[in-house]
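# Chain and residue survey
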Number of protein chains: 2
Amino acid sequence: MTPVPGRFSIELPDWVNQVPGPGPYDSDEAKISLAIELSRRNIEHGEGGPFGAVLFDDADRIVAIGVNQVLPQSSSTAHAEMVAFMLAQQAAGRPRLNDDGRRYTLATSSQPCCQCYGACVWAGIDTLLIGARSEDVMALTPFDEGPLPADWRGELERRGISVRSDIARDEACSVLAEYGRRNPPRY
Amino acid sequence: MTPVPGRFSIELPDWVNQVPGPGPYDSDEAKISLAIELSRRNIEHGEGGPFGAVLFDDADRIVAIGVNQVLPQSSSTAHAEMVAFMLAQQAAGRPRLNDDGRRYTLATSSQPCCQCYGACVWAGIDTLLIGARSEDVMALTPFDEGPLPADWRGELERRGISVRSDIARDEACSVLAEYGRRNPPRY
């Protein structure tokens with residue numbers, strides 16, 4: 001038999017490191033604003049979907065950044081939140097971030113889709129901060145968010161992940177709307 | 001700022017290529033039996049969870065193989081189904097497998113968890129074949145399957161993905177039970 005594909009890799013674009021400012025990222029609003037700024041830069045760089053995500057530790061330090069890389073990396077798994085989890089966990093050398101006893105926050109520019117929602121359950125985060133709503137994504141862009149549990153928020157809370165949403169929602173929506181105006185492909 | 005982590009990669013263990021036989025994999029049962037055999041070998045090799053998944057094209061050819069690699073690759077994203085999607089899509093150069101007009105089948109030894117369930121929605125598959133049930137995984141191993149939509153099967157069917165389950169369920173359960181007997185860590 002021909003060998004099956006044996007290797008997968010994701011490279012974060014270099015420009016991502018230019019985006020964070022000096023901080024401090026000590027409020028939910030500051031964390032989400034960075035995720036939204038990443039989503040904006042991602043469309044400006046033509047990398048694909050208008051989505052950004054940032055992982056912070058409990059000292060408000062940036063642990064990892066993800067931006068949507070589905071098209072450039074040829075992977076439906078390369079959503080912003082997933083990319084942040086992949087990069088953070090492998091750099092830390094553990095598959096569950098908060099197994100080190102610290103507390104981790106994921107700030108994401110839009111509500112996680114069905115795939116990223118499920119990934120949040122296993123990633124070892126304690127807090128999920130959300131900018132735009134799922135309904136905003138579906139109204140302003142060609143993206144579907146997929147099927148979620150009816151009580152998606154309660155399911156996370158019951159697993160120890162606190163959720164806060166509608167943070168800088170208008171700012172997040174402005175990037176989604178800008179992306180929608182570019183008449184992008186649906187993928 | 002210190003640069004954020006910029007690279008993630010997954011390597012499929014070499015032994016995986018020894019597992020498929022000459023086939024043919026022209027029935028649902030043959031496809032699932034290969035996924036189950038991979039799940040068995042994965043625990044024999046001490047790679048982690050008892051889960052295997054295989055992607056087939058519509059000529060019953062193996063497109064990619066995934067096994068649970070959460071611990072060796074330090075990633076909560078490295079579930080068997082996800083690994084198969086990552087490897088297949090990047091090798092094909094497109095994030096949605098069936099965008100080439102062919103039809104793809106994912107055979108997985110156990111019902112996908114919440115993360116892999118969501119991933120199935122975006123991966124570009126047409127058929128999902130399942131061995132053990134979610135309740136089997138939770139009864140026989142330390143693994144949780146996470147929150148799913150109440151009508152998880154209907155949500156896939158409405159998106160054009162046909163689902164067949166309970167294929168070689170006893171055989172799949174025997175591997176889950178063997179794993180559970182080893183008193184593995186919960187992660």
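Here, the structure is the one placed above.
This text gives an overview of the structure that appears in the document. For clarity, every value in this text was computed on a predicted model and none was experimentally measured. (Residues numbered from 1 in each chain as written. Chains lettered and ligands numbered in written order. Predicted model: local features only at pLDDT ≥ 70, side-chain atom pairs only at ≥ 80, totals over all residues. Heavy atoms only, no water.)

### Here we look at the pairing of strand S5 (residues 127–132) of chain B
Residues and elements named next belong to chain B. Within S5, 6 of the 6 residues are buried, which leaves it mostly tucked inside the rest of the structure. Relative to S5, strand S4 (residues 105–110) runs parallel, the two sharing 5 bridges. The partner of Thr105 across the bridge, within S5, is Thr127. In this structure, S5 lies alongside strand S6 (residues 162–164), joined through 3 bridges in parallel fashion. Counterpart to Thr127 in the pairing with S6 is Ser162. (Buried < 20%, exposed > 50% of the residue type's maximum accessible area, 1.4 Å probe, protein only. Helix = DSSP H or I, 4+ residues; strand = E, 2+ residues; numbered from the N terminus. Pairing = 2+ DSSP bridges.)

### Describing the sheet that holds strand S3 (residues 62–67) of chain A
Residues and elements named next belong to chain A. What the 5 strands build is an open sheet, ordered S3-S2-S4-S5-S6; its pairing is mixed. In this open sheet, the two strands that pair with only one neighbour each are S3 and strand S6 (162–164). Strand-to-strand, the axes of this sheet are offset by a mean angle of 15 degrees, without reference to chain direction. Helix H2 (residues 80–92) rests against strand S2 (52–56), S3 and strand S4 (105–110) of the sheet, and its axis sits at about 140 degrees to S3. Relative to strand S5 (residues 127–132), helix H6 (residues 169–181) is tilted by about 60 degrees, and along the sheet it contacts S4 and S5. (Axes fitted to C-alpha atoms, helices over the stretch in contact; angles between N-to-C directions. Contact = heavy atoms within 4.5 Å.)

### Comments concerning the interface of chain B and chain A
As a measure of interface size, the accessible area lost when the parts come together is often cited. Each side of the interface is counted separately: chain B has 53 residues, and chain A has 53 residues. In total, about 4400 Å² of surface goes out of reach between chain B and chain A, with carbon and sulfur atoms giving 62% of it. Applying the counting rule to chain B against chain A returns 4 salt bridges. Listed by contribution, the elements that provide at least two residues to the side of chain B that touches chain A are strand S1 (7–11), strand S3 (62–67), helix H2 (80–92) and helix H3 (114–122) of chain B. Ranked by the residues each element gives to the side of chain B that touches chain A, the list is headed by H3 of chain B, at 7 residues. Classifying every residue of the side of chain B that touches chain A by side-chain character gives 30 nonpolar, 16 polar and 7 charged. Bridge analysis of strand S1 (residues 7–11) of chain A against S1 of chain B gives 5 bridges, and the strand direction is antiparallel. If you follow Phe8 of chain A over to S1 of chain B, its bridge partner there is Ile10 of chain B. (Buried area = accessible area lost by both parts, 1.4 Å probe. Salt bridge = Lys/Arg side-chain N within 4 Å of Asp/Glu carboxyl O. Nonpolar A, V, L, I, M, F, W, Y, C, P; charged D, E, K, R; others polar.)

### Looking at the relation of the copies chain B and chain A
Aligned on chain A, chain B shows an RMSD of 0.0 Å; the corresponding rotation is 180 degrees and the shift along the axis is 0.0 Å. When the rotation and shift are considered jointly, the pair of chain copies conforms to a two-fold rotation axis. A shared interface surface links the copies, since 100% of the contact residues of chain B are contact residues in chain A too. (Least-squares fit on C-alpha atoms with pLDDT ≥ 70 in both.)

### As for helix H6 (residues 169–181) of chain B
All names here are of chain B. Over its 13 residues, H6 extends 18 Å from the first C-alpha to the last, a length consistent with the 18 Å expected when each residue adds 1.5 Å. Ala172, Cys173, Val175, Leu176, Ala177 and Tyr179 are the residues of H6 that are buried. On its buried face, H6 is in contact with helix H1 (28–44), S4, S5 and helix H4 (134–140). Remark: Asn183 follows H6 within two positions and exhibits a positive phi of approximately 55 degrees. (Expected span 1.5 Å × (residues − 1).)

### A few points about the state of the cysteines
As used in these notes, a disulfide is a covalent bond between sulfur atoms, one from each of two cysteines. All names here are of chain B. Using the criterion set out here, one finds 0 disulfides over all chains in the structure. Unpaired in terms of disulfides, Cys116 finds its nearest cysteine sulfur in Cys113, a separation of 4.0 Å. A relative accessible area of 0% means that Cys116 is categorised as buried. (Disulfide = S-S within 2.5 Å.)

### As for the pairing of S4 of chain A
Residues and elements named next belong to chain A. Within S4, 6 of the 6 residues are buried, which leaves the element mostly enclosed by the surrounding structure. Bridge analysis of S2 against S4 gives 4 bridges, and the strand direction is antiparallel. Bridging from a neighbouring strand, Phe56 pairs with Thr105 of S4. Since S4 and S5 lie parallel, the crossover through helix H3 (residues 114–122) that links them has a hand, and here it is right-handed. (Right-handed = clockwise from strand over helix to strand, strands pointing away.)

### Some remarks on the sheet that holds strand S2 (residues 52–56) of chain B
Residues and elements named next belong to chain B. Strand order in the open sheet formed by 5 strands is S3-S2-S4-S5-S6, with mixed pairing between adjacent strands. Each edge of the sheet is formed by a strand with only one pairing partner; in this case those strands are S3 and S6. Between one strand and the next, the sheet's axes are offset by a mean angle of 15 degrees, whatever the strand orientation. Taken strand by strand, H1 contacts S2, S3, S4, S5 and S6, and its axis lies near 140 degrees from that of S2. Lying over the sheet, H2 contacts S2, S3 and S4, oriented at roughly 140 degrees with respect to S3.

### Quick word on unusual backbone geometry
For the peptide bond that leads from Gly23 of chain A to Pro24 of chain A, omega is 0 degrees, which places it in the cis range. With respect to the helices, strands and loops of the structure, Pro24 of chain A is situated in the loop between S1 and helix H1 (28–44). Positive phi values are uncommon outside glycine, yet Asp166 of chain B reaches one of about 65 degrees. Judged by its relative accessible area of 32%, Asp166 of chain B is partly exposed.

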